[in-house]
Amino acid sequence: MLTFYRACLRLYPGDFRDEYARELTLVLADRLRDESSPVLRLAIWLHALLGILIEAPLEHLRVLAADARYAVRLLRRETSVTLAATGMLALGIGAATLVFTIANAILLRPLPFPSADRLVSIDEYNPADRRNGDTVAYPNFVDLRGRARSFEHIGVYADGKSAIRHPDGNEPVLLAAVSEGFLPAFGVAPALGRFFTAEETVPNGPRVAILGYSLFERRFGADPSIVGRALNTVDGTFTIVGVMPRGFQFPNLCDLWVPLGMDANGPRTDYFLSAVGRLREDVSSHDANREVAMLMAQIKQQHTPNNGWIGRVQPLRDVLNAGYRPAVVLLLAAAALLLAIACANVSHLLLVKASARAREMAVRTAMGATRRRLVRQLVTEGLILGIIGGVAGAFLASLGLPALLALVPIQLPSWLDFSADGRVLAFAVGLSLATSLAFACLPALNLSRRSILNRLKDAGRAVTASPRQQRLRHALIVLELAVALTLLAGASLAARSFMAVRGQPLGYQAGSILSMQLDYPGDRYPDGAAARTLVDRLRAELSALPGVRSVGFTTGIPLNSTWGRLYTVEGRDLPLEQMSFANHIVISPGFFRTLELPIVRGRDFTDADYGLPHLIVDRRFAEAFFPSGDAVGRRVRFGPPKSREPWHTIVGVAADSRQGTLKAQARYNLYLPYSKDVSLSSLIVRTAAPGTVLPDIRARLRAIDREIATDRVFTLEELADRGAWQDRFLAVVSASFAILALVLAAGGFYAVLAYAVSLRTHEIGVRMALGAAAADVRRMVVSQALRLAGAGLALGLAGAAVVGFLIRTELYQVSPIDPVTFVVAPAVFLLTAIASAILPTRRATRVDPLIALRHE
Amino acid sequence: MRTFALSRDTFHILVALADRDRHGYSIMQEVSARTGGSVRLSPSTLYSAIKRLLEEGLIEELAERPDPAHDDERRRYYRLTKAGRKAAAAEAAHLEKLLADARSSGLLPKRS
């Protein structure tokens, strides 16, 4: 009984146990001895155990409170140390928490749908070229839907746009054409009405629509009797059959859903539909992936052409966040490195302070404080610093988030939620605790390993440092310098990559070209003559506006995504798997004049080319296929090898330009004259003053037809900024982190050198007394600085090379061992190191031997 | 109104030490006897209270044993300090005042 009781006493803090364990056991033994009844003895024993359970935690709390009181007193006394330490921690923890908040929103938070982990994306991808994927061909999807057993619901969608008719001006709206399984897959019920039926999602089916909640509120005042009423759009009138619940938006920012009316027997090579599914409860996405890959292989074997693309299932969130993932991982790594530097600095600060406190520690030891107690004291101090730093860091992060989001020029997808949740809170708290333990451990370990005798011996004299301590400090600062250089190089690579993206030659003056999307009422301007009349009238009237130099219409505004089509040059047939895509761009006359793209051979399109199978190619295409310069007159056909599309005769060669998005694989640009089959709705206008002509353009459009709505009005410059925002974001944030890291490391380096000089004041004094010149002393300090900085440089360069290798796929036309980066970053690094070393060196050379020796 | 400055257990321990110096078990027995067995301290409660009383300077640990003849040399003895005596007396006076108030208001029968 007593043995067990003694074991239970281990629940007490060590100091208490050392002091009272024996007494406690004795008292219990006395009581048990004085009681003869076994029942009462058992009661006494249980009572004693209960006493431990109640009192032991209280004792721990009392010790902690005493340590904390002492630590707070100490930290208040050493204000500058406390401020420096908590400031550096706040920066480190703030940066890490900020980045984690973003990572949480993008990578961790479940999508805002019920049981979102069961939502998957289904696609076909080209194993030879991973860039082709994320879509399915409709007939393949229909076959798959009939056979797959993994899904509760499965559906496809294609996004599009329309405009809702309104007396005050039509309102553009993003919509999705969806198959009947699409909306049920998200696991939400309609707020009103119902989803689409299989009978509605067929070619030429009934014109029905489902509203998004915000549209329902905005346009219909949330009228509950809306179901069955008509929705008047520029693409015709739809009968409203349902309303989605508040907050539901998929695909991104979509506000209206209509049935997809595709032919299940259409071509199996048209890829523009995306598919989503809800897994059955007992099926993993891994199992589903296996089933879909197998079924898709069967389907492809039964049909020709078999393009060999593979069916695939991935968690929907992974597909949605794929574009952000590498950047988030990079930023997390950068923040972790910054935090490591901050921790190393604080560690160093506490190490120095611990040596300075050797006397205090010795006195407390002499007064009976155990080593355990002293370590505990140091850890408590660390925890308090960590908590203050953590709170300040969380505050900094909350300030930083809006600033960071202000770097995003586009509207982010609605599934992203950047608010702080429990996970962010837990991260910040955990990080504060972990970091404070990390940097408190070093001085504590140091303290523990030094004997009391040593400490007492040291305490009498001026502050010294053991060689072990010094090595530790030097190792810390070398690592710190190396990490700072690594971050600097990483930021430089990111900046160079951004400049390569944003600074690439576009072929046109992006700032003077205004672009916009026009929404015509499709029922009044169907393809064909009516559309041609409208486009011609718009061209004529808009180009006559003052300030407008030239206008053109196109199917693809430059810097937006383009329609890629397979092509064949006459006489050079290739099998399907070797064919590549070119940008298929339909334009009106005036397009090249507006972009100021010269026609280098042949001629530009005129009105006479309307509807003719003519073609203008870009110079790269002409040089690749017709290096001898005889491109004009040759013929090109679009589509897979066996398509019956007509041959197009090349009538001109235009200068090269960036069509398609900034970072898209550069494809050849093939321009076609517009025809009755195409409705041109993208307008580009060249003008010296985009801001001032815009109201005139709008007024003229209204005068021509007040139902024409404008949307996505941007200069090409703005489009380029929007297209490069992620690169800019990454460059700005990593540069901020790198600058902070450099400043922290410089501060740390300065502190280490200054401390080393202060330790050697006596030695320097002796040397100078013995005749050493200031130059010798300077050499001594500088050589130490150079050794440390050199080690940091070498390690940092290695780190930079590793970083370059790791992020090579994220770099745009920048080598991972980019020469500029590997010259500029080390240069900045060395300059900073030299600057940090100046003050300590001067202090060393100004040591007065008399004063230095008087310390003895 | 003043709140109690001493907890019940602490007060009992101080009272137990008022007439003579005692070791832990003796304190425990004395408290139990004085309260007719209604207050029984566990060893843990006792020594947590002793530790705090020592820290606050209300009791002290004796270097020498009070009565070598009856002393158990294994044990530590405690004695009330001046401050401890004052605190206990103040507490007792306060309790007395409370008692008198209760009597005069008729809550308790008046003493004959």
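Here the structure is a predicted model, which means the values were calculated and not measured.

Caption draft 1: Representation of the overall build of chain A in the model. Along the backbone of chain A there are 24 helices and 21 strands. Rg of the C-alpha trace for chain A: 36 Å, well past the compact-globule value of 29 Å for 856 residues, more than 25% over. If one aligns the C-alpha atoms of chain A with their principal axes, the spans along those axes are about 105 × 90 × 55 Å. Counting only residues that meet the buried cut, chain A has 41% of its 856 residues in that class. The contacts of chain A with a sequence gap of at least 6 include a subset with a gap of at least 24, amounting to 83%.

Caption draft 2: Spotlight on the overall build of chain B. Across its full length, chain B carries 4 helices and 3 strands. If you list the helices and strands of chain B from N to C, you get α-β-α-α-β-β-α. Out of the 112 residues in chain B, the part that is buried amounts to 29%. The contacts of chain B with a sequence gap of at least 6 include a subset with a gap of at least 24, amounting to 53%.

Caption draft 3: Fine view of the confidence of the model for chain B. Across chain B, pLDDT averages 83, with 84% of residues at or above 70. Listed scores for the predicted complex are pTM 0.79 and ipTM 0.85.

Caption draft 4: Here's a closer look at the pairing of strand β14 (residues 581-587) of chain A. Residues and elements named next belong to chain A. Counting buried positions along β14 yields 5 of 7 residues, so the element is predominantly enclosed. As judged from the 3 bridges shared by strand β13 (residues 564-569) and β14, these two strands associate in the antiparallel manner. Bridge assignment links G564 to a residue of β14, and that residue is N583. With 5 bridges connecting them, β14 and strand β19 (residues 669-673) associate as parallel partners. Paired with I587 across the strands is P673, a residue of β19.

Caption draft 5: Expanded view of the interface of chain A and chain B. Residue-level contacts link 16 residues of chain A with 13 residues of chain B. For the side of chain A that touches chain B, the secondary structure elements donating two or more residues are α2 (14-33) and α3 (38-77) of chain A. Looking at the side of chain A that touches chain B, the element that brings in the most residues is α3 of chain A, giving 9 residues. Here the residues of the side of chain A that touches chain B are counted per class, giving 10 nonpolar, 2 polar and 4 charged.

Caption draft 6: Up close: the sheet that holds strand β3 (residues 77-80) of chain B. Taken together, 3 strands build an open sheet; the order of strands is β1-β3-β2 (chain B) and the sheet is antiparallel. Each edge of the open sheet is held by one strand with a lone partner, namely β1 (22-23) and β2 (59-61) of chain B.

Caption draft 7: Representation of unusual backbone geometry. Residue and element names in this part refer to chain A. Cis geometry marks the peptide bond from F250 to P251; its omega dihedral reads -5°. One can find P251 in the loop between β7 (236-243) and β8 (256-259). Despite not being glycine, N204 shows a phi value in the positive range, around 55°. Looking at the element boundaries, N204 is found in the loop between β4 (192-193) and β5 (208-211).

Caption draft 8: Spotlight on the packing of helix α14 (residues 467-502) of chain A against helix α22 (residues 774-806) of chain A. Residue and element names in this part refer to chain A. Between α14 and α22, whose axes approach to 7 Å, the crossing angle comes to 40°. Here α22 runs oblique to α14, going by the angle between their axes. Crossing angle aside, the handedness with which α14 passes α22 is right-handed. When α14 is examined against α22, the residues H474, I477, V478, L481, A482, V483, L485, T486, A489, G490 and L493 are found in contact with a partner set consisting of L788, A789, A791, G792, L793, L795, G796, L797, G799, A800, V803 and G804. Along the lines of polarity and charge, the residues of the contact of α14 with α22 split into 16 nonpolar, 7 polar and no charged.

Caption draft 9: A look at the domain arrangement of chain A. Per the domain assignment, the segments of chain A are domain 1 (2-77), domain 2 (134-308), domain 3 (325-503 + 725-854) and domain 4 (525-706). Computed from C-alpha atoms alone, the centre-to-centre distance between domain 3 of chain A and domain 4 of chain A is 56 Å.

Caption draft 10: Up close: the environment of F427 of chain A. Within the element layout of this structure, F427 of chain A appears in helix α12 (residues 422-449). With residues near it in sequence (within four places) discarded, F427 of chain A still touches T97 and F100 of chain A.

Caption draft 11: Structural detail: the confidence of the model for chain A. Per-residue confidence for chain A gives a mean pLDDT of 88, with 96% of residues at or over 70. A low-confidence stretch, residues 459-463 of chain A stays under pLDDT 50, and its non-local contacts, those more than four residues away or across chains, total 7 contacts.

Caption draft 12: The nonpolar core, seen in detail. With 217 residues, the main nonpolar core has L338, L487, F737 and A741 of chain A as its most contacted residues. The residues contacting F737 of chain A, other than those within four sequence positions of it, are A95, A334, A335, L338, L487 and A491 of chain A. Of all hydrophobic cores here, the second largest spans 32 residues; its members include I52 of chain A together with V31, A49 and A87 of chain B.

Caption draft 13: A look at the packing of helix α1 (residues 8-16) of chain B against helix α2 (residues 24-34) of chain B. All names here are of chain B. Two numbers describe how α1 lies on α2: the axes approach to 9 Å, and their chain directions differ by 105°. One element, α1, and the other, α2, form an angle in the roughly perpendicular class. Residues H12, I13, V15 and A16 of α1 pack against I27, E30, V31 and R34 of α2. Residue composition of the contact of α1 with α2, grouped by class: 5 nonpolar, 1 polar and 2 charged.

Caption draft 14: Here's a closer look at helix α3 (residues 43-56) of chain B. Residues and elements named next belong to chain B. Between its first and last C-alpha atoms α3 spans 20 Å; for 14 residues at 1.5 Å apiece the expected length is 20 Å, and the two agree. Restricting attention to buried positions, one finds in α3 the residues P43, S44, T45, L46, Y47, S48, A49, I50 and L53. With its phi angle positive at about 75°, G57 sits one or two positions after the end of α3.

Caption draft 15: A look at the environment of A631 of chain A. All names here are of chain A. Mapping A631 onto the fold places it in the loop between α17 (619-625) and β17 (635-638). Residue class for A631 comes out buried when judged on the 26 C-beta atoms lying within 10 Å of it. Beyond its immediate sequence surroundings of up to four residues, A631 is in contact with R601, V617, A622, F626, I650 and V653.

So, how was this worked out
Throughout, residues of each chain are indexed from 1 in the direction in which the sequence is written. Whichever chain is written first is A, and whichever ligand is written first is 1; the rest continue in order. Owing to the predicted nature of the model, reporting of local features is limited to residues with pLDDT of at least 70; listing and counting of side-chain atom pairs is limited to 80 or more, with chain, interface and lining totals taken over all residues. To qualify as a helix, a DSSP run of H or I must reach at least 4 residues; to qualify as a strand, a run of E must reach at least 2; elements of each kind are numbered from the N terminus. A radius of gyration in this sense is built from C-alpha atoms; the matching globule rule multiplies 2.2 Å by the number of residues raised to 0.38. Comment: burial labels come from other C-beta atoms within 10 Å of the residue's own C-beta, placed from the backbone, where a count of 20 or more is buried, 12 or fewer is exposed, and between is partly exposed. Whether two residues are in contact is decided by their C-beta atoms, placed from the backbone, lying within 7 Å. Per-residue confidence from the predictor is reported as pLDDT, which spans 0 to 100. A pair of strands is labelled paired if DSSP reports no fewer than 2 bridges between them. Three residue categories are used. Nonpolar comprises Ala, Val, Leu, Ile, Met, Phe, Trp, Tyr, Cys and Pro, charged comprises Asp, Glu, Lys and Arg, and polar comprises the others, including Gly. Fitted lines through C-alpha atoms give the axes, limited to the stretch in contact for helices. The angle between two N-to-C directions lies from 0 to 180 degrees. Here the word oblique covers every angle except those under 35 degrees (roughly parallel), over 145 (roughly antiparallel) and from 65 to 115 (roughly perpendicular). Crossing chirality is assigned from the near helix's rotation relative to the far helix, an anticlockwise turn below a right angle marking it left-handed and a clockwise turn marking it right-handed. How far each domain reaches was decided by an automatic or database domain assignment. Nonpolar cores are identified as sets of buried Ala, Val, Leu, Ile, Met, Phe, Trp, Tyr and Cys residues joined via C-beta atoms within 7 Å. Each helix should span, by expectation, one fewer than its residue count multiplied by 1.5 Å.

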